[in-house]
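Commentary on secondary and tertiary structure
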Amino acid sequence: TMSEYGYEFFTDSNSGESFFIHRGTGEVIPPVTHTVPQGTFFVTPEQQEENRRRHEAAERRQLKEDLRSYQRENHSSLGKDFYFLPTVETFDGISPEMVTRLIYLNTFLHLNSNRLMLTQRTPLSRDDLPKVLKLSRSTARRFWNMISPKYVCEAESGLVVNDKVFKRGKLNNKEHLQLMKFYIDGVRTLYTATDMGKHNRLGDLFKLLPFVNIEWNLLCYPEYAAEKDLDKIKLLSMAEFCRLIGYDVAHLNDLVSTYRSITFNVRGRKELFCSMIYDGVHNSEAKICINPNILYSGTEPEKVKVLGALCREMR
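Note that this is a predicted model, so its numbers are computed, not measured.

Our focus in this paragraph is the packing of aromatic side chains. To describe a pair of aromatic rings, one takes the distance between the centres and the angle between the planes. Under the defined criterion, the tally for this structure stands at 12 aromatic pairs. Judged by centre distance (6.3 Å) and plane angle (70°), the ring pair of Y151 and F166 falls under edge-to-face. Residue Y151 is located in the loop between α4 (137-147) and β5 (152-155), and its partner F166 is located in the loop between β6 (158-161) and β7 (179-183); the two are separated by 15 residues in the primary sequence. Note on accessibility: Y151 and F166 belong to one class, buried. Among the aromatic side chains, those forming a connected cluster through ring pairs are Y83, F91, Y151, F166, F182, F206 and F273. The aromatic ring of F108 is capped on one face by R188, whose charged end is 4.3 Å from the ring centroid.

Summarising the element assignment, K164 is placed in the loop between β6 and β7. Separated by 50 residues in the primary sequence, K164 and N114 have C-alpha atoms spaced 9.6 Å apart.

Locating K207 in the fold gives a position in the loop between α6 (199-206) and α7 (238-245). A polar atom in the side chain of K207 sits 2.9 Å from the backbone oxygen of F91. Here K207 is in contact with E89, T90, F91, I94, P96 and V99, once residues within four sequence places are set aside.

Glancing now at the pairing of strand β8 (residues 263-266). Relative to strand β9 (residues 269-272), β8 runs antiparallel, the two being bridged by 4 bridges. Bridging across to β9, V266 finds its partner in R269.

Two elements in contact, helix α2 (residues 96-105) and helix α5 (residues 184-193), have axes separated by 9 Å at closest approach and are oriented at 135°. Accordingly, the angle class assigned to the pair α2 and α5 is oblique. The two elements α2 and α5 meet at a crossing, and its hand is left-handed. In contact with T100, R101, I103 and Y104 of α2, α5 contributes V187, R188 and Y191.

Moving on to the nonpolar core. Core analysis: the biggest nonpolar cluster contains 62 residues, and V152, F166, F182, L219, M238, Y259 and F273 have the highest contact counts within it. Examining the composition of this core, we find that 6 residues originate from one element, α2, more than from any other. Leave out the neighbours within four places in its chain, and V152 touches L102, L105, L116, W144, I147, L159, V160 and V161. Within the second largest apolar cluster, 14 residues are counted, among which are Y183, I233, Y296 and L310.

Let's shift gears to helix α9 (residues 301-308). Among all positions of α9, only P301, V304, K305 and G308 are buried. The buried residues of α9 occupy an angular sector of 100° when the element is viewed end-on, so they sit on one face. The inward-facing, buried residues of α9 abut β10 (274-277) and β11 (287-290). Where α9 terminates, the next one or two residues include A309, which has phi positive at roughly 50°.

Conventions used here
- Residues numbered from 1 in each chain as written.
- Predicted model: local features only at pLDDT ≥ 70, side-chain atom pairs only at ≥ 80, totals over all residues.
- Heavy atoms only, no water.
- Phe/Tyr/Trp six-rings, centres within 6.5 Å; stacked < 30°, edge-to-face > 60°.
- Helix = DSSP H or I, 4+ residues; strand = E, 2+ residues; numbered from the N terminus.
- Buried < 20%, exposed > 50% of the residue type's maximum accessible area, 1.4 Å probe, protein only.
- Lys NZ or Arg CZ within 6 Å of the ring centre and 35° of its normal.
- Polar contact = N/O pair within 3.5 Å; in protein donor to acceptor, adjacent residues only side chain to side chain.
- Contact = heavy atoms within 4.5 Å.
- Pairing = 2+ DSSP bridges.
- Axes fitted to C-alpha atoms, helices over the stretch in contact; angles between N-to-C directions.
- Parallel < 35°, antiparallel > 145°, perpendicular 65-115°, else oblique.
- Left-handed = near helix turned anticlockwise from the far one by under 90°.
- Core = buried A, V, L, I, M, F, W, Y, C linked by side-chain atoms within 4.5 Å.
- Arc of directions from axis to C-beta.

Structure below.
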């Protein structure tokens, strides 16, 4: 009611002291005197609180609209099935090749749950790992020892993943702003098409998620990961990438050749997993662009493909 809003002004008859009392809360507030030009407006503490509430409500509405807009973007050219990973995840303590296998394993993540499923009704068990990941039993054991229990653990119903890391399905209002989409069809096709001996090269990039610019899929310094203006982004060179992954820069050309050999099928056409953007002479200064059919959380995947020449048919 109106009686709960505003202030009453009182003067103590004994002390002569004046003060305001808030009608709704009873809070006692001392007065202040200002000499200001005519026409000046003041905002009471009550009005300030109301303005703050309105601002927060507007921010919440904007976040919800951003989320709806984000979820409406199906990026049909990339596929509609995907899961999410935090952009800050670096998979500490896990070797690159095992990270690649973990990324692939999570393409079996059930929608809106943390369960891994072979089919819609059949849970994925630990015994299934060698066949699913196409590994020997000994390598599958090493994989399990490396990823469990931090990322995946065993339950009575089968394998379950750490849902603070891997998510598939609905997100809350803010989560999508800090997560990277991994496209299930792209990851599966890439995994199947790539020789086991090159899984470490895929994992080297998967372990550098904080260095992936969200809009352009280019490797950059982490402080530029959210920058949308391409001219303002400080990109990593191939030589800097080598130093990050502990690869001998003296053999950089071999690394470039390996990445040029990693391709997978996208709607009947072979595409590169990652593209090197450079002047054709100095490999050490090349910039690295990851194919958005594998991972992408920006708004315009087609411009990434054009930038990295990722759609050209390989010969």
